[in-house]
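Inside the fold
Here is how the chains run, residue by residue.
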Amino acid sequence: MLSKVFKAYDVRGVYPEPLSEKVAWKIGYATGKYLRSQLSGSDMVDPMLQHVVVGRDMRLSSPKLADALARGLRAAEMNVLDVGMVDTSFIYFAINHLGCAGGVQVTASHNPAEYNGFKISGRYAKPIGSDTGLVDIQRIAATIEDRDAGAEPVGRIEHRDLWHGYRDHVLANLELKRPLKVAVDASNGMAGIFVPKLFEGVKNLEIIPVNFEVTGKFVHDPNPLVPENMVPTQELVRKHGADLGVCFDGDADRCMVTDENGSVIGCDLLGALFAQHFLKESPGSAVVYDLRSSKALKETIEQAGGKPVRGRVGHVFLKALMREHDAVFGAELSGHLYYRDNFYTDSGAITFAVALTLAAASSKPMSAMIKPLAPYSQSGEINFEVEDKAAAMAEVQKAFADRAEIDELDGVTVDAWENEGWWFNVRASNTEPLLRFNMEARTAELLKKMQQEVTPMLGEPAKGH
């Protein structure tokens with residue numbers, strides 16, 4: 001069962017099989033042992049480094065899994081600080097605010113209601129993925145016999161309410177210079193908890209809510225990357241004449257934004273707008289972005305006097321780059337936006353606050369703010385079904401070797417921007433026989449022409465992706 005739930009960046013599976021309370025206990029125990037192993041002798045004198053923060057989302061299975069996980073952590077001689085039902089970014093705040101050894105959020109993020117899982121962080125909220133400790137946690141968990149899963153807790157458990165400190169932390173990013181009306185789709189997820197707690201009563205802010213009911217069930221899948229899941233936000237913006245709209249995913253660490261017309265703003269273009277803002281406050285700083293992003297993002301960072309840093313897709317890699325370069329801000333197409341002042345981690349709540357701040361600071365509507373940052377034509381991410389992913393990517397490299405610069409930072413990036421005005425990236429899915437394709441060109445005509453040239457090499461367009 002353990003091998004089925006450990007993924008590249010987190011633990012995830014259907015409850016109660018393969019992700020049961022017994023499996024949760026083992027993962028808690030293994031996480032406790034791993035976090036202890038990361039402490040030096042001098043760390044042991046700090047009592048807070050004997051503590052692990054545990055939070056959970058609103059899924060019906062989350063209380064049982066959080067309880068089993070906490071008992072496992074306590075059996076591994078760690079104390080547990082239970083912060084209750086919170087968004088994932090709350091955990092990053094709590095780890096740093098309290099100075100703990102790490103934290104675990106019980107969540108399956110944007111997956112359907114029958115799923116659950118664990119997002120595990122170490123000290124300073126550094127992510128624990130397959131290359132940064134998750135393999136070790138899986139190995140430790142695999143050594144525990146079923147009969148031993150349930151040993152008596154040694155560590156203590158304490159319940160903490162940190163909402164007041166979290167509100168101050170998030171609202172430090174909010175300044176509304178004029179009244180705003182915003183449509184908010186909480187996707188029946190954790191935004192339904194934090195939006196009222198953090199933003200209710202804010203002067204100049206009118207929130208039009210939809211899907212704020214927290215029942216553990218979803219009116220639509222809590223994944224704002226799927227176009228149909230953005231429809232309630234778009235309809236609400238148009239109906240009420242809102243200045244902008246936002247839609248959160250299930251654990252509310254991602255926030256997708258629409259303009260006043262209900263048009264969804266790509267996170268690379270939103271990232272360009274945010275980069276201008278943060279580089280005014282912190283001139284010359286680095287800004288991190290994922291390699292699928294528009295060339296316009298890199299150009300905007302440079303024009304604003306910043307240092308663009310291109311990275312692999314995935315929060316583990318972008319957070320590492322954020323720390324390595326002391327970047328003020330980072331953007332990922334998936335909707336994760338990262339902030340130096342948020343411990344180099346992502347936050348849907350802070351993204352919401354910054355989007356509101358920028359909208360209120362301008363006399364222009366959001367569409368007019370974004371338009372100059374979007375001069376090129378993009379394909380968006382398109383999935384292709386192909387059995388031999390490596391062979392398909394090798395064919396692509398061979399076909400364009402004489403025409404373009406090619407790199408393999410993440411999949412294959414073929415760049416003929418300077419000579420021909422186009423580039424594309426092809427990446428293999430970790431879990432499915434799929435290739436993920438993104439292309440950009442200087443014009444819509446060139447984009448269409450190059451897609452017709454490249455995509456026959458990639459297999460068949462995937463259905464349902």
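Here's what I pulled together on the structure shown here.

Let's talk about the pattern of salt bridges
- Scanning the model with the defined rule gives 21 salt bridges in all.
- One salt bridge in this structure joins Asp326 and Arg340, with 3.5 Å as the shortest N-O distance. Placement of the pair is Asp326 in the loop between helix 11 (315–324) and strand 14 (329–331) and Arg340 in the loop between strand 15 (337–339) and strand 16 (345–346), with a sequence separation of 14 residues.
- On the basis of relative accessible area, Asp326 is assigned to the partly exposed category, the value being 35%.
- Three or more residues are tied together by salt bridges with common partners; here these are Asp290, Arg292, Glu381, Asp410 and Arg427.

Quick notes on the packing of helix 7 (residues 191–199) against helix 12 (residues 348–361)
- In contact at an axis separation of 11 Å, helix 7 and helix 12 are set at 50° when each is read in the N-to-C sense. Relative to helix 12, helix 7 is oriented oblique. The element helix 7 and its partner helix 12 pack so that their crossing is right-handed. Counting all contacts with helix 7, which are made through Phe194, Leu198 and Phe199, the residues of helix 12 involved are Gly348, Ala349, Phe352, Ala353 and Leu356.
- Split into classes, the residues belonging to the contact of helix 7 with helix 12 amount to seven nonpolar, one polar and no charged.

Things to note about a negative patch on the surface
- Negative charge collects at one region of the surface, where Glu385, Glu387, Asp388 and Glu460 lie side by side.
- Relative to the elements of secondary structure, Asp388 occurs in the loop between strand 18 (382–385) and helix 14 (389–400).

Re the sheet that holds strand 11 (residues 264–265)
- Pairing is mixed in the open sheet, where five strands are placed in the order 8-7-9-10-11. Edge strands, defined here as strands with exactly one partner in the open sheet, are strand 8 (205–210) and strand 11.
- Bridging between strand 9 (residues 244–248) and strand 10 (residues 255–258) involves four bridges; their strand directions are antiparallel. Among the inter-strand pairings, Phe248 is bridged to a residue of strand 10, identified as Cys255.
- Its contacts with the sheet place helix 8 (residues 231–240) against strand 7 (180–185), strand 8, strand 9, strand 10 and strand 11, and it is angled at close to 155° to strand 7.

Things to note about the pairing of strand 18
- In this sheet, strand 22 (residues 434–441) lies alongside strand 18 in antiparallel orientation, the contact comprising four bridges. For Asn383, the partnering residue across the bridge sits in strand 22 and is Arg436.
- In this structure, strand 18 lies alongside strand 23 (residues 460–461), joined through two bridges in antiparallel fashion. Bridging across to strand 23, Phe384 finds its partner in Pro461.

With respect to the sheet that holds strand 15
- Read across the open sheet, the five strands follow the order 13-12-14-15-16; overall the sheet is mixed. If you trace the sheet from one side to the other, it starts and ends with strand 13 (307–311) and strand 16, each paired once.
- Relative to strand 15, strand 14 runs antiparallel, the two being bridged by three bridges. When the sheet's bridge partners are listed, Ala331 is paired in strand 15 with Leu337.
- Running at roughly 170° to strand 14, helix 9 (residues 267–281) makes contact with strand 12 (286–290), strand 14 and strand 15 of the sheet.

Topic: the environment of Ser263
- Residue position: Ser263 is located in the loop between strand 10 and strand 11.
- As for Ser263 and Gln234, which are separated by 29 residues in sequence, their C-alpha atoms are 7.1 Å apart.
- Those residues in contact with Ser263 that sit more than four places away from it in its chain are Val257 and Thr258.

Rules of the game
- Residues take numbers from 1 onward in each chain, read along the sequence in its written order.
- With pLDDT at 70 or above as the cut-off, local features in this predicted model cover only qualifying residues; side-chain atom pairs require 80 or more to be listed or tallied, and sums for whole chains, interfaces and linings still use all residues.
- Where side-chain values are given, they derive from all heavy atoms of the structure, hydrogens and water being excluded.
- Salt bridge criterion: a side-chain nitrogen from Lys or Arg within 4 Å of a carboxyl oxygen from Asp or Glu.
- What counts as a helix is a DSSP run of H or I of at least four residues, what counts as a strand is a run of E of at least two, and both are numbered from the N terminus.
- Remark: exposure states derive from per-residue accessible area (1.4 Å probe, protein chains only) relative to the maximum for the residue type, with buried under 20%, exposed over 50%, and partly exposed in between.
- Comment: axis = line fitted to C-alpha atoms, over the contacting stretch for helices; angle = value between 0 and 180 degrees taken between N-to-C directions.
- Here the word oblique covers every angle except those under 35 degrees (roughly parallel), over 145 (roughly antiparallel) and from 65 to 115 (roughly perpendicular).
- Each crossing is labelled by how the near helix is turned from the far one, with a counterclockwise turn of less than a right angle marking it left-handed and a clockwise turn marking it right-handed.
- Residues are treated as being in contact if the distance between any of their heavy atoms lies within 4.5 Å.
- Classification convention: Asp, Glu, Lys, Arg as charged; Ala, Val, Leu, Ile, Met, Phe, Trp, Tyr, Cys, Pro as nonpolar; all other residues, Gly among them, as polar.
- In this analysis, a patch consists of residues with relative accessible area above 30% that form no salt bridge, clustered at 9 Å for like charges and at 5 Å for the nonpolar side chains Val, Leu, Ile, Met, Phe, Trp and Tyr.
- Values of accessible area rely on a 1.4 Å probe in the Shrake-Rupley scheme; residue burial ignores everything except the protein chains shown.
- Charged residues are defined narrowly, with Lys and Arg counted positive, Asp and Glu counted negative, and His plus the chain ends left uncounted.
- In plain terms, the charge of a residue is placed at NZ if it is Lys, CZ if Arg, CG if Asp and CD if Glu.
- In this description, strands pair whenever DSSP reports at least two bridges between them.

That's the geometry; what it means functionally is another story.
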